[in-house]
Amino acid sequence: MGAGRLEDLISGLEVSPNPSKGVFSLMFDAKEKQDLIVSVINLIGEEIHRIEYSDFQGKYQNTIRLKEKAKGVYFLKVETNKRIFNKSIRKR
């Protein structure tokens with residue numbers, strides 16, 4: 001498979017609620033077995049949250065807690081074997 005589209009690798013990428021007061025639910029479906037890194041990066045480029053999975057396939061659901069972090073914009077990054085997907089999230 002080449003670079004592909006988002007739908008070829010993961011589908012239904014959803015972060016809710018967004019904006020939030022610090023607790024975000026992350027959901028998606030990994031359509032093929034792949035290594036995943038789920039991370040959150042602040043505006044100055046520091047990685048403040050990171051979870052790694054090997055050979056993950058299927059429905060993914062997790063909670064990201066940023067209650068102790070400052071209000072503002074953060075970047076959610078979902079990295080697969082083949083692509084990186086970014087989504088901005090906002091803590092109010």
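In what follows, the structure referred to is the one given above.
What you are looking at is a predicted structure, and each value in this text was computed from that prediction instead of being measured.

Before going further, it helps to spend a moment on the pattern of salt bridges. As enumerated under the stated definition, the model contains four salt bridges in all. Between Arg 50 and Glu 52 there is a salt bridge, and its shortest N-O distance comes to 2.8 Å. Each member of the salt-bridge network shares a partner with another, and the members are Glu 47, Arg 50 and Glu 52.

Examined bridge by bridge, strand S2 (residues 23-41) and strand S3 (residues 47-65) share 15 bridges and lie antiparallel to one another. Within S3, the position partnered with Asp 29 by the bridge is Lys 59. Count of turn residues in the S2/S3 antiparallel hairpin: five residues, of which Gly 45 carries a positive phi of about 90°.

Inspection of the secondary structure puts Gln 34 in strand S2. A polar contact of 3.1 Å, which involves the side chain of Gln 34, links it to the backbone oxygen of Glu 32. Apart from the residues lying within four places of it in its own chain, the contact partners of Gln 34 are Leu 9, Ile 10, Tyr 53, Ser 54, Asp 55, Phe 56, Thr 80 and Asn 81.

One ladder, built from five bridges, connects strand S1 (residues 10-16) with S2; its direction is antiparallel. The residue bridging Val 15 from the neighbouring strand is Leu 26, located in S2. Once S1 ends, the chain turns through six residues before running back antiparallel as S2, passing Gly 22 with a positive phi of about 135°.

The omega torsion across Ser 16 and Pro 17 is -15°, close enough to zero to call that bond cis. Structurally, Pro 17 is set in the loop between S1 and S2. A cis amide bond links Asn 18 with the next residue in sequence, Pro 19, at an omega value of 10°. For Pro 19, the location among the structural elements is in the loop between S1 and S2. Phi is positive for Asp 55, close to 50°, though the residue is something other than glycine. Among the structural elements, Asp 55 can be located in strand S3.

Rules and cut-offs
Residues numbered from 1 in each chain as written. Predicted model: local features only at pLDDT ≥ 70, side-chain atom pairs only at ≥ 80, totals over all residues. Heavy atoms only, no water. Salt bridge = Lys/Arg side-chain N within 4 Å of Asp/Glu carboxyl O. Pairing = 2+ DSSP bridges. Helix = DSSP H or I, 4+ residues; strand = E, 2+ residues; numbered from the N terminus. Polar contact = N/O pair within 3.5 Å; in protein donor to acceptor, adjacent residues only side chain to side chain. Contact = heavy atoms within 4.5 Å.

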